[in-house]
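# Descriptive structure summary
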Amino acid sequence: MSPLLIPLAIILILVGVLFLRTMWKWQEQQLKKFKDFAEQMGMEFSAKGDRTLRESLATFDLFSKGDAAPPIPSLTNVLHGDSEQLGYGEEFEVRTLDFTYQSGKSTISQTVICFRSSQLSLPDFSMRPEYFFHKIGSKLGYQDIDFESHPTAAEFSKKYLLRGEGEQKIRALFTDKVLTFFAANPDEVCVEGSGDQLILYRDGKIIELEYIPAFMKEGFEVFRLFI
């Protein structure tokens, strides 16, 4: 090795060590923030989701995305609580977590709120913002359950792509109250349901810790629509 390259190699090694040390400290700080937040909220915290949680969420379209090889997809920053801990009258378990998966060369992450409750009895459905390519797909036979009974219902159908098994059950689930709520909601969300579980997220968006309470409040509003 050229004598001139030795100092450069040392500098690069030192920069790498400093970078790793900075990342390690940042991760430690983030974990502490989550632990403190969980304690304040009366919830439990886990840095990673376990196999049982993965299996319980496998039924949803979102969690079937990406390569199955570790470390992606991953469940991280899991906050867990139930109605007794949080002081709600409804019966439920709730989790917020960050889900990350690989799509081609892109890494996509989003914060998801997950409900499990004996008060839920949902057909398998997924609802997400409808984009131009979805509209083209629906013309070619791609499933999109639309509502046209009144202007608010039609507005919902313009904003959202709704799909799932058992169309009549899904139509019965999406009452005027549900359609009105989502049609009027300025923040378009993704919602999926299956049996006693319901999830809500914004595709590709991580919710910062300081905004988790507002995100949970929104989640509870959606949860109550379906019980």
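For the structure itself, look to the data block above.
These lines cover the structure that appears in this document, whether it is placed above or below. What you are looking at is a predicted structure, and each value in this text was computed from that prediction instead of being measured.

Another point: empty space enclosed by the protein. Under the definition given, this model contains one cavity of 30 Å³ or more. What the largest cavity holds in volume is close to 40 Å³. Considering the residues around the largest cavity, the lining is formed by Phe 34, Asn 77, Leu 79, Thr 96, Leu 97, Asp 98, Thr 111, Ile 207 and Ile 212. Listing elements by their share of the lining of the largest cavity, those giving two or more residues are strand S2 (74-82) and strand S3 (93-103).

Extensive coverage of S2 is indicated by the burial of seven of its nine residues. As defined by bridge partners, strand S1 (residues 44-48) adjoins S2 across four bridges and the pair is classed as antiparallel. Paired with Lys 48 across the two strands is Thr 76, which belongs to S2. Where S2 lies against S3, seven bridges are found, and the strand directions are antiparallel. Bridging across to S3, His 80 finds its partner in Arg 95.

Attention shifts here to the pattern of salt bridges. For the coordinates displayed, the defined rule picks out eight salt bridges. With a shortest N-O distance of 2.9 Å, Glu 218 and Arg 202 are connected by a salt bridge. Here Glu 218 is found in helix H8 (residues 212-225), whereas its partner Arg 202 is found in the loop between strand S8 (197-201) and H8, with 16 residues between them in sequence. Of the two residues, Glu 218 and Arg 202, both sit in the buried class.

Look at helix H7 (residues 176-184) against H8: their axes get within 10 Å of each other, and the N-to-C directions meet at 155°. Judged on the interaxial angle alone, H8 and H7 are roughly antiparallel. Residue-level inspection shows Lys 177, Val 178, Phe 181 and Phe 182 of H7 in contact with H8, the latter providing Glu 221, Val 222 and Leu 225. Broken down by class, the residue content of the contact of H7 with H8 amounts to five nonpolar, no polar and two charged.

Analysis parameters
Residues numbered from 1 in each chain as written. Predicted model: local features only at pLDDT ≥ 70, side-chain atom pairs only at ≥ 80, totals over all residues. Heavy atoms only, no water. 1 Å grid on protein atoms, 1.4 Å probe; cavity = no way out; pocket = protein on both sides within 12 Å on 5 of 7 lines; lining within 4 Å. Points joined across faces, edges and corners; volume = space filled by probe spheres on them. Helix = DSSP H or I, 4+ residues; strand = E, 2+ residues; numbered from the N terminus. Buried < 20%, exposed > 50% of the residue type's maximum accessible area, 1.4 Å probe, protein only. Pairing = 2+ DSSP bridges. Salt bridge = Lys/Arg side-chain N within 4 Å of Asp/Glu carboxyl O. Axes fitted to C-alpha atoms, helices over the stretch in contact; angles between N-to-C directions. Parallel < 35°, antiparallel > 145°, perpendicular 65-115°, else oblique. Contact = heavy atoms within 4.5 Å. Nonpolar A, V, L, I, M, F, W, Y, C, P; charged D, E, K, R; others polar.

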